[in-house]
Each structure stands twice: as C-alpha cells, then as structure tokens.
Amino acid sequence: MSKNQNIPYRIYLPEDMIPKQWYNLRADMKELPAPMLNPGTMKPIKLEELTPIFCEELAKQELDTTTQYIDIPQGIIDFYKMFRPAPLIRAYCLEEELGTPAKIYYKFEGNNTSGSHKLNTAIAQAYYAKEQGIERLTTETGAGQWGTALSMACSYYKLPLIVYMVKTSFEQKPYRKSVIETFGADIIPSPSDTTKAGRAILEKFPGTGGSLGCAISEAVEVALSTPGTRYVLGSVLDHVLLHQSIIGLESKAAMEMYDEYPDIVIGCAGGGSNLGGLIAPFMKDKIQGKADTQFIAVEPASCPSLTRGKYAYDFGDTGKITPLMKMYTLGCEFLPAAEHSGGLRYHGMSSALSKLYDDGYLQARAVEQTKVFKSAVDFARIEGLLPAPESSHAIHVAIEEALKCKESGEEKTILFGLTGTGYFDMTAYDSFHRGDMSDYIPTEEELQQGFDQLPQID
Ligand SMILES: *Cc1c(COP(=O)(O)O)cnc(C)c1O
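Residues numbered from 1 in each chain as written. Predicted model: local features only at pLDDT ≥ 70, side-chain atom pairs only at ≥ 80, totals over all residues. Heavy atoms only, no water.

Enquirer: Give a description of the side chain of Lys 103 that names residues and reports values.
Expert: Summarising the element assignment, Lys 103 is placed in strand β5 (residues 103-108). Judged by its relative accessible area of 10%, Lys 103 falls in the buried class. Polar side-chain contacts of Lys 103 include one of 3.1 Å to the side chain of Glu 260. (Helix = DSSP H or I, 4+ residues; strand = E, 2+ residues; numbered from the N terminus. Buried < 20%, exposed > 50% of the residue type's maximum accessible area, 1.4 Å probe, protein only. Polar contact = N/O pair within 3.5 Å; in protein donor to acceptor, adjacent residues only side chain to side chain.)

Enquirer: Talk me through the site of the ligand; I want residue IDs and the actual numbers.
Expert: In the vicinity of the ligand there are 17 residues, among which Lys 118, Ser 235, Gly 270, Ser 273 and Asn 274 approach most closely. The separation between an oxygen atom of the ligand and a polar side-chain atom of His 117 is 3.2 Å. In the model, an oxygen atom of the ligand is placed 2.5 Å from a nitrogen or oxygen of the Lys 118 side chain. Within the complex, 98% of the 390 Å² of free accessible area of the ligand lies under protein. (Near = heavy atom within 4 Å. Areas by Shrake-Rupley, 256 points an atom, 1.4 Å probe, with all protein chains shown as cover.)

Enquirer: Account for the sheet that holds strand β15 (residues 413-418), with residues named and values stated.
Expert: The 7 strands lie next to each other as β1-β4-β5-β15-β10-β11-β14, forming an open sheet whose pairing is mixed. Each edge of the sheet is formed by a strand with only one pairing partner; in this case those strands are β1 (10-11) and β14 (363-367). Judged from the 3 bridges that link them, strand β10 (residues 264-268) and β15 form a sheet pairing that is parallel. From the neighbouring strand, Val 265 faces β15, where its bridge partner is Leu 415. Its contacts with the sheet put helix α11 (residues 238-256) on β1, β4 (88-90), β5 and β15, and the angle it makes with β5 is roughly 140°. (Pairing = 2+ DSSP bridges. Contact = heavy atoms within 4.5 Å. Axes fitted to C-alpha atoms, helices over the stretch in contact; angles between N-to-C directions.)

Enquirer: Which residues make up unusual backbone geometry, and what values do they have?
Expert: Comment: phi is negative for the bulk of residues other than glycine, and the bulk of peptide bonds are trans. Omega for the bond connecting Arg 84 with Pro 85 falls within 30 degrees of zero, at -10°, which places this linkage in the cis form. Here Pro 85 lies in the loop between α3 (74-80) and β4. In this structure, Pro 191 follows Ser 190 across a cis peptide bond, with omega equal to 5°. Structurally, Pro 191 is set in the loop between β8 (186-190) and α9 (196-204). Phi at Val 236 is positive, roughly 65°, even though this residue is not glycine. Relative to the assigned elements, Val 236 resides in the loop between β9 (229-231) and α11. Residue Val 236 is classed as buried on the basis of its relative accessible area, which comes to 5%. Phi at Lys 320 takes a positive value of approximately 60°, unusual for a residue other than glycine.

And the structure:
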C-alpha cells in the first residue's frame, strides 16, 4: 500500500489563503438550471420582484448566472478569519481500521461555535443586509444550526433577528434555543399563531411538529409584512451555494499542496448548499473535461428528494408563497417523518444540483438513519470526532466507497464534507444507543400524495 508521502493529518491553509472570491458554478454549466418563476405571472422572476423579500445584493447574486468569480467583501473575509480556513483532515485512522487502499479526506466545517458550515453564508447575508441599512432579518431553522449561525452573524453586525424554529427541533434541542438567545435573537416555535401561514397549517394539521417548508412560510410572511425587514435562507438558493463554494475552493487548494485530487466527492444533501459548495470547483473541472470525478449526494431514506422525487416546478415552502423553482421535490406539502437529521428534512433540492443530477453529473443515494448512526458512532470512536447526524450520511457513504476499494484493490482518493459537530444531537445518539431508533421510509402512496399537490405547469 502506498500510504503516504508526508501528508499531514490536518492540512491547514495559511490565513492569507482564505479565498478572496466565491465561485459561481452556474457560469460554467453547459445548460443552466431552469429559472425561478413568479407564480403570479409564470414568467422568470425579475430582480425587483425578489428585492422585497431578499437583500438587494443577495437577489443580484441569485440571478447572476454569468459571473464566474465574485469578490468576497473585506468585511466578510475579516469575519471568516475567526474560523477559516477550515482544516482538511486525512482520515488515516479510519483508512487503517477499514484496511482500505483508498485515501480518505474530509473537510471539517464544524470548528466554530455555531458548529456547522452554515456560518459561511450567514455572515455574508448579515453583512449585505447591514450594508443596505436593513433593520431586521427573519428566518427559519430546522435542526437549529442555521438559526445559531445566523444569530452569531447578526450579533456581530448588531442586527435584530427573528427565528422560526421547527417545533419538533425546538422541543428536542432546548440548548439550541439557549445559544440562539445568547446571541440575542428572538425565537418562535413553528407552526405558530403569529402568522397567517402558521395558523392555516395548525388548522389543517393540528398537533404537527412542523417542517422547514412551514417555518419558511412564516418567516417570509413576516418579512413581507414588516417594513425594513428582509428574509434570509440558509440553503437551497443559488446565492447560498455561491457562498458555500469557499468549502470546495479551500479543499481544492489544500489538496493541491500535496498533489492530490479526488476521484470521488461525497456530501450530505438537505437543500444542497454544502454539497453544492464542496463540489463546485471540482465539478467545473468535470464539466470542462479536465477530470472525471464521481460526485455523490447522500440523503435520508425518510426524505428522498433526489432518489425518489419528481423533477418539477414547486414552491419552496408549504404555504406556497415563495417563487417557483424547478427542482427534485417530494411536493411542498410533504411532511417528512420526525427523524433525527433535522437539517436534511426538506422537500426539495437546490435547482442547480437538481439540474446536474438530471444531466448525469451527480449521483445520489438514500440511507436509513440507523445505518447512518452506526457509521457516526464508528467514526467517532476511530477518528475522535463527534459528527452531526447530517454529516454522518456522507461518512456512511465514504465508508461504503472505501470498502469497495478494499474489495477491488483500487487506490481511490475520496473526499467528503463533514459539515458539523454532533454536540447538540445527543438525544438522537441516546436513542441510537438505547436501540429504539427506527427507520421510516415513506410508501409510494405517501409520496404520491405529495406529487398530487405539485403545481400544474405546462
Ligand atoms: C443544514 C445542515 C446540512 C444540510 O444542509 P445543506 O444545505 O444541504 O448543506 C448538513 N449538515 C449540517 C451540519 C447542517 O447544519
């Protein structure tokens, strides 16, 4: 086995190698993702239709399909310096334990107080809001990682924030709430009676634990109906993937220092932002025919948007007030089972990733949560790092691929995204240890109900 030419366990880029620009993958895609539509006119959405909801600069980035590299303002780079560059870690211990000839690398994004990659875009979004003179932001949070990241970013820029948190997570993760409040944001469990959308959902599904789609409806409604207020989203949208490209850019630079290049890139996919960011610069090479990397999105079997969803125009939220996006979706009224990877419980998928998947550039796999937690626990014991349940989806498939290499004897280089820490997910780990964790896989009939609600578009 040709293990190592002096590659350290942890590759830290020097601070002055924090990327100065984000990379916009759409500028290099052979065919663009279908445009966002205004559900009122069914025409592609215009900048002036997005700016009542989103900050001006973010709306521009959302619609920019041509600029390859976009400068990161110095104010954002200054904040990035507090927790970036993030380390790229060579999983030597895991390789040895598996007995695989594969080389396994992971980019660890959990090394900041919010505990996940979401801070990369949170700080950018808060920065642009502040620059524009916005007085208040609203958002939703599922598992709580996004709410935490955004509350950190907003406290840095002294911007008031209201967070609608999916009720099941609100109850399961009381300490997330405490952290968010520590950073000064207001937090409301969703669905709530503070909005029309929330009241409608409560009436239709009394006792529901909520969903991301439903919390989005509430947060957007408040932004639209309160002066000086804008809504921000932590995943799915193209400007979010743009900010997350910093993950891929740093990973590529770190690998290049050691003449490494991945044969396989793996990431978990909820709305697609960490995966989209991680793969961006490598996908560019693939699109341009310079590399033949395999890309794998990993999703929960309980919420299988790519592997079992339809590629169709759909709303981003349950209340049907967002623009329409063409994406792999389970239908915006699909309420995923209350499983433990809250950050992956979203009915749709980034339209750019959906397009890449539809065009065959990206593969997808769905995994049951008990298998994911088995891999999470193995990984924690072997690598000494407690992963978030979401991230553990990527770990699981990285292990599968490394074991395939063991069988075939191929020395592939595997890179996966380790998006966050699991410290706030101990209820889930407890449930796994007690053996009472179950796997919910929706039936065809249940999925069909979601598809039946898709908007009819010719
Ligand atoms: C939110 C989250 C995800 C999923 O979101 P994407 O937009 O698909 O990246 C994955 N891992 C962690 C730790 C998260 O917080």
